[in-house]
Amino acid sequence: IAADMPPDLTSCDREPIHQLGRIQPWGFLLSATTDGTIRHASANISEHLGLPAEAVIGRRLDLLLERKSLHDIRSRLQGLRGQQQIDRLFALPLVAGQPPYDVAIHFAPGEVPHFVVEAEPSAAEPHFDAVGMVKGMMSRLLRARDLAGMHDRAARQVRAVLGFDRVMIYRFHPDQSGEVVGEAASDRVDSFRGLRFPASDIPQQARALYCRNWLRLIADVGADTVPILPEPAPGEAPIDLSSSVLRSVSPIHLEYLRNMGVGASLSISIMRGEALWGLIACHHASPLLPSFQRRSAAELFGHLYSLQIESLERAEATRQEQEAQAARDRVLASLSEEEAPIRSLRRMAEEVRQLIPCDGIAIRTAEFKDASGMTPDAATLDGIVATLDRSDASRIFATEEIARHYPPAAAQVATAAGMLAIPASRTARDYLILFRRELVRTVAWAGNPEKAVEQGNDRLHPRRSFETWQQTVHGQSSPWLESERRVAEALRVTLLEVMLRLSVGLADERR
Ligand code: BLA
């Protein structure tokens, strides 16, 4: 039966990826209570301390680690209190008789206050200048003329620092799918530029985690992972690895990467305020472990890059708001008391059309019905207006596919597939409606998005093929851009004023 059932994608969202209890093998992990008693140790600790995990758990940190280094760790921990951030110490002589380690420390959430120490053999470069490196990356970025050019430059900078074969700027769409909007790649891998990936490739809890922890590395997709000991007692929660650097990832995701021919993967969150805007996604055809210093520099670059995107988008929004404001002023100034109300409305419609390209425009108020250009037939328009009447009158309503909200509209996509409705009054349900006809377009997906997930006997499996899969989208207009929605929203307020004046005017006429 399983094969006939659609896969239950919510199970992906439920996998507790922060509590898998294992790390990747390129370093070791210890957790200790604030008094320094060790609670957890990764099973590979013997390779570093010469003692098995069982012998380490319950002992005190100061008996195992170099005093001076432990002192450094403790003073850094002071600064981390009450936070989930990590701090980093490079080239630290952590264990007597061993080469230095690069160390990440953080406080982990849990009933008993405890902190986590993760250490990897140091690959710190003696004259590494993280600040200089990130400054250089930013200044090369700022030479870009537009957002698209900037994404490509960002990918190139990250590739230069980390050495991955393919570095992509992956941007989320409102439906949680995503698109590769910038790329830098070596010639031993295919380009993913322009490809779309379905939402299910990155489940919800992973997105939530990536909002808090901004970088993750899978250094070797095929490597055996290492358990953290002791295993949780029955009823006890496993150690929370949300902020861990070495955390091993979901086996489903490892299978995904293997299917893609990827040997190592690293991704850095791109944030827009509190929300995940996208990822800097890096792939290598074979295993790859960039130094902790370089990863940290790339992470810092990710922060600055996020701010840069936000600043460009804000500048763009401000410019659009000014345009909308100017349009508003023009409309209001041109209204005259003597003019017939319907003419005022028509002129208003013309102004709107100048600002937001469309194929047709309809005016529907209690007093007037008017249409110009390509609009649905009168009966369909009545149906659409009835549908609009059930939506929120205090904001604009935009859709690429009217039929999704009013199915009979599907018959008329050749004239009107999408609409943007501006409510013209708060109560009487009057509208100015812009229409756009169908624009058949193709979307190139990385593998068939309908078959993104397969139900296996045991669990879900990601798709095996990422071969480009062309989808032809019918029945939709070109999208209403964020900027166009913003202009429409600004004009909604003006339209309310115009309607108010008209109704006063009409009342005067009747008197
Ligand atoms: C995680 N999936 C991820 C991550 C990426 C992607 C970037 C973050 C981990 C990493 O950096 O590798 C997906 N990688 C992509 C995409 C591109 C890319 C879209 O390069 C495009 C350029 N994955 C599935 C299915 C499931 C699934 C069906 O395909 C669930 C059933 C799960 N993906 C999954 C999980 C994680 C993940 C659980 C979290 C891994 C972790 O952090 O533990």
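A look at the overall build of the protein
Along its length, the protein carries twelve helices and 22 strands. Here the C-alpha coordinates of the protein stretch approximately 95 × 55 × 50 Å along the principal axes. For the protein, with 511 residues in total, the buried portion stands at 50%. In the protein, once contacts between residues fewer than 6 apart in sequence are set aside, the share between residues at least 24 apart is 65%. In the form shown here, the protein has an accessible surface area of approximately 24,400 Å², with 52% of it arising from carbon and sulfur atoms.

A word on the packing of helix 9 (residues 292–334) against helix 10 (residues 341–355)
Two numbers describe how helix 9 lies on helix 10: the axes approach to 10 Å, and their chain directions differ by 165°. In terms of orientation, helix 9 and helix 10 fall into the roughly antiparallel class. Relative to helix 10, helix 9 is oriented so that their crossing is right-handed. Contacts from Ala327, Arg330, Val331 and Ser334 of helix 9 reach helix 10 at Arg347, Met348, Glu351 and Leu355. Classifying every residue of the contact of helix 9 with helix 10 gives four nonpolar, one polar and three charged.

Things to note about the sheet that holds strand 5 (residues 101–108)
With antiparallel pairing, seven strands are arranged side by side in an open sheet as 1-11-3-2-6-5-4. The sheet terminates laterally at strand 1 (22–23) and strand 4 (87–92), the two strands that pair on one side only. For strand 2 (residues 28–33) and strand 3 (residues 38–42), the ladder comprises three bridges, and the chain directions are antiparallel. Bridging from a neighbouring strand, Ala32 pairs with Ile38 of strand 3. Helix 4 (residues 67–80) rests against strand 4, strand 5 and strand 6 (114–121) of the sheet, and its axis sits at about 165° to strand 4. Across the face of the sheet, helix 9 comes into contact with strand 4, strand 5 and strand 6 while running at roughly 150° to strand 4.

As for the packing of helix 5 (residues 130–141) against helix 6 (residues 147–162)
Where helix 5 meets helix 6, the axes come as close as 9 Å, and the angle between the chain directions of the two elements is 155°. Taken together, the axes of helix 5 and helix 6 are roughly antiparallel relative to one another. For helix 5 against helix 6, the interelement crossing comes out right-handed. Between helix 5, through Met133, Met137, Arg140 and Leu141, and helix 6, the contact on the second element is made entirely by Met150, Arg153, Ala154, Gln157, Val158 and Val161.

So, the domain arrangement of the protein
Many authors give the size of an interface as the accessible area that is lost as the parts come together. Split into domains, the protein comes out as domain 1 (2–313) and domain 2 (335–440 + 475–510). For domain 1 versus domain 2, the separation of C-alpha centres amounts to 49 Å.

Here we look at the environment of Ile228
Tracing the sequence through the fold places Ile228 in strand 11 (residues 226–229). The class of Ile228 is buried, set by a relative accessible area of 4%. Along the backbone, Ile228 and Asn44 are 184 residues apart, and their C-alpha atoms lie at a distance of 8.8 Å. If near-sequence neighbours (up to four positions away) are discounted, Ile228 is found in contact with Gly21, Arg22, Ile23, Leu29, His40, Ala41, Ser42, Ile239 and Leu241.

As for helix 5
Over its twelve residues, helix 5 runs 16 Å from end to end, which matches the ideal 16 Å to within 8%, given 1.5 Å per residue. Regarding helix 5, the residues found buried are Val134, Gly136, Met137, Met138 and Leu141.

Some thoughts on the site of the ligand
If you check the shell around the ligand, you find 30 residues, and the closest are Cys12, Tyr210, His253, Ser265 and Ser267. At 2.6 Å, a side-chain N or O of Tyr210 approaches an oxygen atom of the ligand. Between an oxygen atom of the ligand and a side-chain N or O atom of His253, the distance comes to 2.7 Å. Protein chains shield 100% of the accessible area of the ligand, which is 880 Å² for the free molecule. Of all the elements in the fold, those that place two or more residues in the shell around the ligand are strand 7 (166–172), helix 7 (204–212), strand 10 (215–218), helix 8 (251–259), strand 12 (264–272), strand 13 (275–284) and strand 21 (460–462). Taken together, the residues of the shell around the ligand break down into 20 nonpolar, six polar and four charged.

Let's talk about the nonpolar core
With 41 residues, the main nonpolar core has Val158, Phe164, Ile169, Leu266, Ile280, Phe301 and Tyr305 as its most contacted residues. Mapped onto this core, the elements with two or more residues apiece are helix 5, helix 6, strand 7, strand 10, strand 11, strand 12, strand 13 and helix 9. Among the elements that take part in this core, helix 6 stands out by supplying six residues, more than any other. Setting aside residues up to four positions removed in sequence, Ile169 forms contacts with His151, Ala154, Ala155, Glu179, Val180, Val181, Gly182, Ile270, Trp277, Leu279, Ile280 and Tyr305. In this structure, Leu335, Ala424, Trp480 and Leu491 belong to the second largest nonpolar core, which totals 29 residues.

Describing the sheet that holds strand 18 (residues 431–436)
Across the sheet, five strands lie side by side as 15-14-18-17-16; this open sheet has antiparallel pairing. The two strands at the open ends of the sheet, each matched to only one other strand, are strand 15 (369–373) and strand 16 (397–399). If you compare each strand with its neighbour and ignore which way they point, the axes differ by 10° on average. In this fold helix 10 packs onto strand 14 (360–364), strand 15, strand 17 (418–423) and strand 18, with an angle of close to 145° to the strand it touches most, strand 14. Against the sheet, helix 11 (residues 378–389) engages strand 14, strand 15, strand 16, strand 17 and strand 18, with an angle of about 120° to strand 18.

Parameters at a glance
- Residues numbered from 1 in each chain as written.
- Predicted model: local features only at pLDDT ≥ 70, side-chain atom pairs only at ≥ 80, totals over all residues.
- Heavy atoms only, no water.
- Helix = DSSP H or I, 4+ residues; strand = E, 2+ residues; numbered from the N terminus.
- Buried < 20%, exposed > 50% of the residue type's maximum accessible area, 1.4 Å probe, protein only.
- Contact = heavy atoms within 4.5 Å.
- Areas by Shrake-Rupley, 256 points an atom, 1.4 Å probe, with all protein chains shown as cover.
- Axes fitted to C-alpha atoms, helices over the stretch in contact; angles between N-to-C directions.
- Parallel < 35°, antiparallel > 145°, perpendicular 65-115°, else oblique.
- Left-handed = near helix turned anticlockwise from the far one by under 90°.
- Nonpolar A, V, L, I, M, F, W, Y, C, P; charged D, E, K, R; others polar.
- Pairing = 2+ DSSP bridges.
- Domains from an automatic or database assignment.
- Expected span 1.5 Å × (residues − 1).
- Near = heavy atom within 4 Å.
- Polar contact = N/O pair within 3.5 Å; in protein donor to acceptor, adjacent residues only side chain to side chain.
- Core = buried A, V, L, I, M, F, W, Y, C linked by side-chain atoms within 4.5 Å.

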